[in-house]
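Close look at the chain arrangement
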Amino acid sequence: MSVLVVVECDKGEVKKSSLEVASYGAQVAQMLGTTATAVAVGEASEANLATLGEQGITKVLFDAEPRLKDFVNGAYTKLIAAATEQEQAKVIVLANSNIGAAVGSRLAIRLKASLATNVVELPKANGSSFTVKRGAFSGKAFADVVLSGERKIIAVKKNSIEALHNAGQTAQVQAFSASLSDADFADAPKQVVMQDQAGGILLPEADKVVSGGRGMKGPENWHLIEDLAKALGAATACSKPVSDVDWRPHHEHVGQTGITVSPNLYIACGISGAIQHLAGVNSSKVIVVINKDPEAPFFKAADYGIVGDVFDVLPKLTQAVKELG
Amino acid sequence: MKFLVCISNVPDTTTKITFTPDNKEFNKAGVQFVINPWDEYALTRAIELKEAQGSGTVTVLNVGEADTEPNIRKALAIGADDAIRVNAAPKDAYFVAQQIAHYAKEGGYDVILMGKESIDYNGFQVHGMVGELLGIPTVAPAMKLDMNGNTATLEREIEGGKEIVEVNAPFVASCQQPMCEPRIPNMRGIMTARTKPLKVVDAVGEGAATEVAEYQLPPKKQGVKLIPAEQAGELIKLLRNEAKVI
Ligand SMILES: Cc1cc2nc3c(=O)[nH]c(=O)nc-3n(C[C@H](O)[C@H](O)[C@H](O)COP(=O)(O)OP(=O)(O)OC[C@H]3O[C@@H](n4cnc5c(N)ncnc54)[C@H](O)[C@@H]3O)c2cc1C
Ligand SMILES: Nc1ncnc2c1ncn2[C@@H]1O[C@H](COP(=O)(O)O)[C@@H](O)[C@H]1O
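Residues numbered from 1 in each chain as written. Chains lettered and ligands numbered in written order. Predicted model: local features only at pLDDT ≥ 70, side-chain atom pairs only at ≥ 80, totals over all residues. Heavy atoms only, no water.

Here we look at the site of ligand 1
Arg214, Lys217, Ser239, Ser272 and Gln276 of chain A are the nearest of the 27 residues found near ligand 1. With respect to ligand 1, its neighbouring residues span chains A and B. His277 of chain A has a polar side-chain atom sitting 2.8 Å from an oxygen atom of ligand 1. Classifying every residue of the shell around ligand 1 gives 6 nonpolar, 15 polar and 6 charged. (Near = heavy atom within 4 Å. Polar contact = N/O pair within 3.5 Å; in protein donor to acceptor, adjacent residues only side chain to side chain. Nonpolar A, V, L, I, M, F, W, Y, C, P; charged D, E, K, R; others polar.)

Listed below in structure tokens is the structure:
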């Protein structure tokens with residue numbers, strides 16, 4: 001028996017969210033008195049996979065089939081199911097990403113497992129009962145969910161678990177084949193288009209986000225957001241109306257009907273804080289609000305605030321970050 | 001083509017969330033329920049594709065008790081042809097997926113469209129489960145869906161980009177913006193919706209695979225610390241030394 005962890009890789013490196021997933025899996029394994037094995041998907045490199053030892057992973061299974069580089073739901077599901085059987089895994093941990101959650105729901109049926117997505121904490125295992133905490137109602141609540149199936153699948157929300165770093169530990173990388181056939185690649189992409197990310201930081205993975213709303217007045221002012229983001233090493237985001245009128249691309253829109261982010265730091269500039277916007281950002285660790293209206297609802301959800309004009313405040317903040325060194 | 005659109009009935013996006021005294025259930029008292037916003041993309045796109053093909057049907061399906069019927073009627077008013085309500089409280093994603101898979105198979109639908117996720121449960125689960133139960137592909141979440149004969153071209157959002165995917169019917173897709181501009185009912189739609197068929201059927205299959213032990217509200221925020229605009233730089237020092245996030 002072991003815990004199986006699914007790690008997503010990109011350009012030869014394990015994604016940050018998967019380092020969190022690996023650390024989660026290793027801690028569950030410890031609770032259950034077993035070890036954690038990882039199975040890699042995406043564009044992985046063996047040398048990088050070995051470093052998963054730092055997150056507490058003992059062994060990594062790696063199928064070098066080149067078509068696994070891109071996300072294919074059918075093939076990924078079969079690969080992970082095969083790894084589960086080989087390892088006799090009872091708990092499977094993956095990222096609550098568009099990839100991880102999509103694969104998780106297929107696996108739940110194939111492996112007759114209980115599934116929880118959007119999980120924010122380590123489980124509570126007590127005798128035969130196994131409970132996880134997950135976000136619900138678009139960040140407005142949490143639910144403790146009992147996973148009663150003999151097998152359990154957990155999709156872990158980004159930035160909710162601290163990644164472990166036990167320097168010097170290495171994992172053993174093993175070749176693995178799930179004997180995939182062409183039929184498993186029925187939903188293989190014809191083409192993959194990656195967006196240019198501002199400053200190269202992926203919004204869903206970012207641990208700092210600078211976001212702008214209608215108060216920014218127009219796309220020509222976005223350099224103020226970008227300058228601060230660059231100085232902080234943050235990703236940029238926006239409110240829905242901003243992407244609706246094409247000031248910014250759709251993939252930057254956060255909120256109930258956009259991307260959900262949970263960075264350590266979310267800085268909202270000229271955003272009123274409508275409930276649908278908050279739904280996408282309210283699990284951020286620290287929220288900073290800059291708004292000229294002291295009555296803006298966002299201040300109620302904020303940790304720090306400046307009542308002021310973004311055109312005056314933003315350059316001062318960027319300057320102050322640069323001075324920090 | 002036969003389209004099946006699965007809609008869930010959720011609290012309006014502005015609802016203040018509260019629970020029953022034992023914290024086991026959402027407190028529905030006084031809450032306005034709407035069609036899950038993501039499912040509106042699925043519904044409108046199905047209607048558009050049917051119109052473009054010049055033939056076919058759009059059926060909406062909901063797993064829910066009688067109180068969901070106003071929103072099923074709303075979907076009919078927007079342009080669905082008929083509706084199925086599986087008469088049961090939606091216990092969990094597995095329970096719901098079994099109902100959808102069963103009635104989808106029985107009705108022989110070509111394309112099954114859902115929303116990206118329900119905004120109450122935030123599962124992102126039902127579409128994958130239905131695809132797996134039926135042994136057909138699920139493309140989730142889809143930002144674009146076009147049909148050419150039996151073949152669909154979809155844009156699937158992945159972190160940081162998109163994949164262009166081609167699949168043949170039957171398939172499941174879960175929809176999100178910017179797929180289409182969701183339609184709202186017009187007067188004629190509302191009138192005709194009253195007489196469109198709404199079939200109530202019984203639940204099938206096994207029970208749920210998960211159970212909510214307790215709901216909780218997030219801990220209250222401490223309250224905002226305001227920094228005067230003239231001293232904006234102070235904020236950065238606080239973020240480093242006090243909040244320790246930069
Ligand atoms: C079903 C549904 C789903 C939705 N989903 C989302 C979603 O996912 N994401 C989302 O963001 N919204 C969503 N919305 C829209 C949401 O209700 C709000 O309309 C939207 O978030 C407002 O965007 P905003 O704050 O940028 O603009 P506004 O509400 O116009 O606020 C602009 C703010 O900027 C401030 N301001 C103006 N000038 C300055 C200045 N010079 N300096 C400082 N401050 C200034 C103003 O005081 C104001 O508070 C949804 C709505 C519905 C009905
Ligand atoms: N009770 C339900 N009845 C019909 N469809 C549902 C129901 N619950 C969820 N769905 C569909 O499944 C999608 C994903 O839901 P979820 O997995 O709960 O996030 C929703 O957008 C709906 O299209």
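A word on the sheet that holds strand β16 (residues 286–291) of chain A
In a beta sheet, neighbouring strands pair by backbone hydrogen bonds and run either parallel or antiparallel. Read across the open sheet, the 6 strands follow the order β14(A)-β13(A)-β15(A)-β16(A)-β17(A)-β13(B); overall the sheet is parallel. Unpaired on one side and paired on the other, β14 (235–238) of chain A together with β13 (225–226) of chain B mark the two borders of the sheet. Both strand β13 (residues 208–212) of chain A and β14 of chain A contribute to a ladder of 4 bridges, which runs parallel. Paired with Gly212 of chain A across the two strands is Cys238 of chain A, which belongs to β14 of chain A. Against the sheet, helix α6 (residues 232–241) of chain B engages β15 (265–269), β16 and β17 (304–307) of chain A together with β13 of chain B, with an angle of about 175° to β17 of chain A. (Pairing = 2+ DSSP bridges. Helix = DSSP H or I, 4+ residues; strand = E, 2+ residues; numbered from the N terminus. Contact = heavy atoms within 4.5 Å. Axes fitted to C-alpha atoms, helices over the stretch in contact; angles between N-to-C directions.)

Points about the interface of chain A and chain B
At the junction of the two partners, chain A supplies 84 residues and chain B supplies 72 residues. Taken together, the two surfaces of chain A and chain B that pack against each other cover about 6700 Å², and 58% of this comes from carbon and sulfur. Among the residues chain A hides against chain B, the three largest losses belong to Asn98, Phe137 and Tyr304 of chain A. Together they make up 12% of the total. Linking chain A to chain B there are 5 salt bridges. Across the pair Arg156 of chain B and Asp187 of chain A runs a salt bridge whose closest N-O atoms are separated by 3.0 Å. (Buried area = accessible area lost by both parts, 1.4 Å probe. Salt bridge = Lys/Arg side-chain N within 4 Å of Asp/Glu carboxyl O.)

Section: the UniProt feature "binding site: FAD" (unreviewed entry) in chain A
Residues and elements named next belong to chain A. With numbering aligned to this structure, UniProt lists the feature "binding site: FAD" (unreviewed entry) at Arg214, Gly270, Ile271, Ser272, Gly273, Ala274, Ile275, Gln276, His277 and Asn291. Its place among the elements puts Gly270 in the loop between β15 and α7 (275–278). For Gly270, a relative accessible area of 15% gives the class buried. Residues contacting Gly270, with those up to four places away along its chain left out, are Gly213, Arg214, Gly215, Ile290, Asn291 and Val310. With respect to the element layout, Asn291 can be found in strand β16. Those residues within four positions of Asn291 in sequence are excluded, and the remaining contacts are Gly270, Ile271, Ser272, Ala296, Phe299, Ile306, Val307 and Gly308. (UniProt positions renumbered as here; feature names shortened; annotations may be inferred. Buried < 20%, exposed > 50% of the residue type's maximum accessible area, 1.4 Å probe, protein only.)

Some remarks on the packing of aromatic side chains
All told, the structure shown has 9 aromatic pairs over all chains when counted by the stated rule. Note on Phe26 of chain B and Phe33 of chain B: the rings are 6.4 Å apart at their centroids and 80° apart in plane angle, and the pair reads as edge-to-face. Given a relative accessible area of 21%, Phe33 of chain B falls into the partly exposed group. Relative to Tyr41 of chain B, the ring of Trp38 of chain B lies with its centre 6.2 Å away and its plane at 35°, an arrangement referred to as tilted. Of this pair, Trp38 of chain B and Tyr41 of chain B are both found in helix α1 (residues 37–53), 3 residues apart, which corresponds to roughly one turn of the helix. Neither residue differs from the other here; Trp38 of chain B and Tyr41 of chain B are each classed as buried. What links up through ring pairs into an aromatic cluster is the set Phe137 of chain A together with Phe19, Phe26, Phe33 and Tyr215 of chain B. Over the ring of Phe185 of chain A we find Arg67 of chain A, and its NZ or CZ is 4.0 Å from the ring centre. (Phe/Tyr/Trp six-rings, centres within 6.5 Å; stacked < 30°, edge-to-face > 60°. Lys NZ or Arg CZ within 6 Å of the ring centre and 35° of its normal.)

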